[in-house]
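A structural walkthrough
Chain by chain, the residues run as shown.
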Amino acid sequence: MMYGAEPADSERTAFRRAEKRYKLYKTPNPKKKLTHSPTDLSDVVDFQSILESFERSGDTPPGVYRFQCPGFNRPVFCFADRPGFYFIPSALTVEEQCHWIRETLTTFPQPPNRTSLTAIYGPIVDLFDAAQSQKSLIETQSLGADAEHETSNGENSLHTPKYIFSEATDNAHMGESCKPIAASILLRKLRWSTLGLQFDWSKRNYDASLPHNKIPAALCLLAKRMAVPAMSSGEEFLPEAAIVNYFGPSDMLGGHLDDMEADWSKPIVSISLGCKAIFLLGGKSREDNPIAMFLHSGDIVLMAGQARECFHGVPRIFTDDEHADVATLLSHFSGKDNCCFMDYIRYSRININIRQEIRRAWSRILIRVILWSKPLPASLAGDLHASGIEPSGGHLLHPLHLLHLFSGSLPHQPSSCKLFFGQLQLSSCQLPHSLSISLVYSGKSDLFCTLLLKRLRISHVAPSLFV
C-alpha cells in the first residue's frame, strides 16, 4: 500500500470496507500466485460505457450528468453529489498514451527528479535504458568521505552518484562485497518520481531548496488544456509540480487526501496510463460510502474545490487478460524497439498527477521581506508596471511585479529602462543595496521566499509575517 497505514479503527469505516471488497488478495499456497477472485463489479461506474450510451441517446445514469464547458472539445462527466470532481473519458489518443508512457519511464525518473529509489541508491541515471540493456547497478569502488556525505535530511546527495550501471559481464570479478542489482528489478521497484517542485515524502510538503527542473513544457500544455473544466472563467492552470505513481500487479493506493498544496480551489490533473484500475471517490469522512469507478488508460480526472476534501484511493489494478484492457496499447508497442515498454505496461499502471502549488490570490497574509544584498541585476530591468491598484505609500512593490521577478517572465529591456516600484520610479543604476518589499500574498511564505531568493540570487533574507 502507498501513502502509509490507516488508523487502527479504519477497518470499520465505509471506505476501508470498499477497499477490501475490490482489493486483489494473494493465495496462501507456497507459490504465492495472485488470484483474480470473482469480485462483484456490477456497482463500478464505467464512464466508457456512459460515454457510448450518451453518444447514442443523450442519456446519463442517475446521479451523473454531462458537464457543459464551452470551448472544451471533449466530453466531461460529473457526479451530482461530488462537486469539484470531473471525469474526462478517453481524453488521450492511443498515440498520446504511448508517448507519455515512454516519458514516464525514460525521462521523468532522471535526476535531479527524485524517485522512490533516490534515498537508497542516490541519483540513478538512465534506469530504463539500463534495464533494456540488461545492465546491473553496482556500488562505486571510489566512494570516499565526500561521496558519502549526506544532506541535512539524511539522504544521499543528488550530486554524487553512489551507484552506477555496469554490463552483466563486467560483474563477475566484483566479489562478494559488491552485489549487483539488475536494472530490470529496480525498474519494477520504482514506485514514484517527482517533477517540478520536489515533494518531500518524509515531511509531506514541497521543498523548493531541492534541485529540480521545470515540468516539461508539453506536459504543462496538456495539463493546462485538460484543467479548463475545473477552472474559473478567465483563470489559467499553472502547473508547478507533478507526482508520477507506478503501480505493479498487487499494488494499491490507500485512501488519502491530497492536502499538500496551498490552494485547493485549483485542480489536480490526474492522467491514467496502462492497465485498468478501480478508483474510489469517497466523501469528507472515511465513513462516507465511496463511489467506485473504472480508470482506463487515457482517462483524465480533475479534482478541485470540495472534491479536494474527499478521501480517494485505488484498491485494485487489473493485470489479467480479461480486465486489463491494454490490448490496443500493446499493439502499438509491438515493434522490436518497444518490447521493453510492452513488457512493462502489460502488467502495470502509471498515474501522472499535476498540481499548482503556489496560491495566486494576493490576499489574507501580509509578507514583509527585507533583502540585504548588492543591487538587483541590471538584466532584470524593465517596465514592471502592471494594471491594478498600486500599494499605498509609493515605496512598495506591486505583488504582480514580484511574481514576474521570481517566475523569470521579465522581457529583456535596455538597462536604461526604469523599474516601477509602486508609484516610485527607479532606473536600474539607482537601485538600492537593500530593498524593502511589502506585499499581500496568500500561501506558503517559506516556499515563496525561497523561490524569490533563487531568482534574484540574493545572499540573505529576513522575512516576517503579520496580518
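Residues numbered from 1 in each chain as written. Predicted model: local features only at pLDDT ≥ 70, side-chain atom pairs only at ≥ 80, totals over all residues. Heavy atoms only, no water.

Brief notes about the overall build of the chain
- Counting secondary structure elements, the chain contains 11 helices and 22 strands.
- Sorting the 467 residues of the chain into buried and exposed places 51% on the buried side.
- Partitioning the contacts of the chain with sequence separation of at least 6, the portion at a separation of at least 24 is 77%.
- Total accessible area on the chain stands at roughly 22100 Å², and carbon and sulfur atoms take up 53% of it. (Helix = DSSP H or I, 4+ residues; strand = E, 2+ residues; numbered from the N terminus. Buried < 20%, exposed > 50% of the residue type's maximum accessible area, 1.4 Å probe, protein only. Contact = heavy atoms within 4.5 Å. Areas by Shrake-Rupley, 256 points an atom, 1.4 Å probe, with all protein chains shown as cover.)

Let's talk about the environment of Phe 294
- Within the secondary structure, Phe 294 sits in strand 14 (residues 291-295).
- C-alpha separation for the pair Phe 294 and Val 45, spaced 249 residues apart in sequence, amounts to 6.3 Å.
- Sequence-distant contacts of Phe 294, defined by excluding residues within four places in its chain, comprise Leu 41, Val 44, Val 45, Asp 46, Phe 87, Lys 276, Ala 277, Ile 278, Asp 299 and Phe 318.

Some words on the nonpolar core
- Among the nonpolar cores identified, the biggest contains 84 residues, and Phe 85, Leu 219, Met 293 and Ile 354 are the most heavily contacted of them.
- If near-sequence neighbours (up to four positions away) are discounted, Ile 354 is found in contact with Ile 215, Leu 219, Ala 223, Phe 237, Pro 239, Ala 241, Ala 242, Pro 267, Ile 268, Val 269 and Ile 271.
- Grouped together as the second largest cluster of nonpolar side chains are 11 residues, Phe 15, Ile 278, Phe 294 and Phe 311 included. (Core = buried A, V, L, I, M, F, W, Y, C linked by side-chain atoms within 4.5 Å.)

Brief notes about the sheet that holds strand 14
- Judged by pairing direction, the sheet is antiparallel, and its four strands sit side by side in the order 11-16-13-14 without closing on themselves. The open sheet has two free edges, formed respectively by strand 11 (253-256) and strand 14, since each of these has just one partner strand. Ignoring strand direction, the axes of neighbouring strands in this sheet form an average angle of 25 degrees. (Pairing = 2+ DSSP bridges. Axes fitted to C-alpha atoms, helices over the stretch in contact; angles between N-to-C directions.)

With respect to the packing of aromatic side chains
- Scanning the model with the defined rule gives 12 aromatic pairs in all.
- Judged by centre distance (5.7 Å) and plane angle (20 degrees), the rings of Phe 333 and Phe 341 are stacked. For the pair Phe 333 and Phe 341, a shared accessibility class is recorded, and that class is buried.
- Among the aromatic side chains, those forming a connected cluster through ring pairs are Phe 47, Phe 54, Phe 77, Phe 79, Phe 85, Phe 87 and Phe 279.
- Over the ring of Phe 341 we find Arg 102, and its NZ or CZ is 5.7 Å from the ring centre.
- If you follow Lys 276 out to its NZ or CZ, it ends over the ring of Phe 294, 4.4 Å from the centre. (Phe/Tyr/Trp six-rings, centres within 6.5 Å; stacked < 30°, edge-to-face > 60°. Lys NZ or Arg CZ within 6 Å of the ring centre and 35° of its normal.)

So, the side chain of Gln 48
- Topologically, Gln 48 is positioned in helix 2 (residues 47-57).
- Residue classification places Gln 48 among the buried positions, given a relative accessible area of 18%.
- Here Ser 90 takes part through its side chain, which lies 3.0 Å from a polar atom of the side chain of Gln 48.
- Setting aside residues no more than four positions away along its own chain, Gln 48 makes contact with Ser 90, His 296 and Asp 299. (Polar contact = N/O pair within 3.5 Å; in protein donor to acceptor, adjacent residues only side chain to side chain.)

What to know about the side chain of Asn 338
- Tracing the sequence through the fold places Asn 338 in the loop between helix 8 (327-332) and helix 9 (339-345).
- Using a relative accessible area of 15% as the deciding quantity, one classes Asn 338 as buried.
- A distance of 3.3 Å separates a polar atom in the side chain of Asn 338 from a polar atom in the side chain of Arg 102.
- Sequence-distant contacts of Asn 338, that is, excluding residues within four places in its chain, are made with Arg 102, His 332 and Phe 333.

Structural notes on helix 2
- Listing the buried residues of helix 2 in full gives Phe 47, Gln 48, Ile 50 and Leu 51. All buried residues of helix 2 fall inside an arc of 160 degrees around its axis, so they share one side.
- Structurally, helix 2 contributes buried residues whose contacts are with strand 1 (64-66), strand 2 (77-79), strand 3 (85-88) and strand 14.
- Put simply, Asp 46 is the residue that caps the front of helix 2, since its side-chain oxygen is 3.0 Å from the backbone nitrogen of Gln 48.
- After helix 2 finishes, the residue Gly 58 shows a positive phi value of roughly 80 degrees. (Arc of directions from axis to C-beta.)

Describing the sheet that holds strand 4 (residues 136-139)
- The antiparallel open sheet is built from three strands, whose spatial order is 5-4-6. Two strands close off the open sheet at either side, each with one partner strand: strand 5 (163-166) and strand 6 (181-182).

Overview of unusual backbone geometry
- Residue Pro 112 is bonded to the preceding Pro 111 through a cis peptide linkage, with omega at 10 degrees.
- Residue position: Pro 112 is located in the loop between helix 3 (94-106) and helix 4 (118-121).

Comments concerning the confidence of the model for the chain
- Chain-level statistics for the chain give a pLDDT mean of 74 and a share of 64% at 70 or above.
- Low pLDDT, under 50, characterises residues 360-467; the stretch is placed with 207 contacts to residues that sit more than four places away or in other chains. (pLDDT = per-residue confidence, 0-100.)

Some words on the pattern of salt bridges
- The final tally for this structure, using the stated rule, is 10 salt bridges.
- Lys 135 is the salt-bridge partner of Glu 167, the closest N and O atoms lying 4.0 Å from each other. Taken together, the residues span a long stretch of sequence, with Glu 167 in the loop between strand 5 and strand 6 and Lys 135 in the loop between helix 5 (127-132) and strand 4 at a distance of 32 residues.
- What makes Glu 167 partly exposed here is its relative accessible area of 35%.
- Each of Arg 21, Asp 40 and Asp 43 takes part in salt bridges that share partners, so that together they form one network. (Salt bridge = Lys/Arg side-chain N within 4 Å of Asp/Glu carboxyl O.)

Some points on the environment of Lys 179
- Along the chain, the position of Lys 179 falls in the loop between strand 5 and strand 6.
- For Lys 179, a relative accessible area of 66% puts it in the exposed group.
- Taking the C-alpha atoms as reference, Lys 179 lies 8.0 Å from Glu 139; in sequence the two are 40 residues apart.

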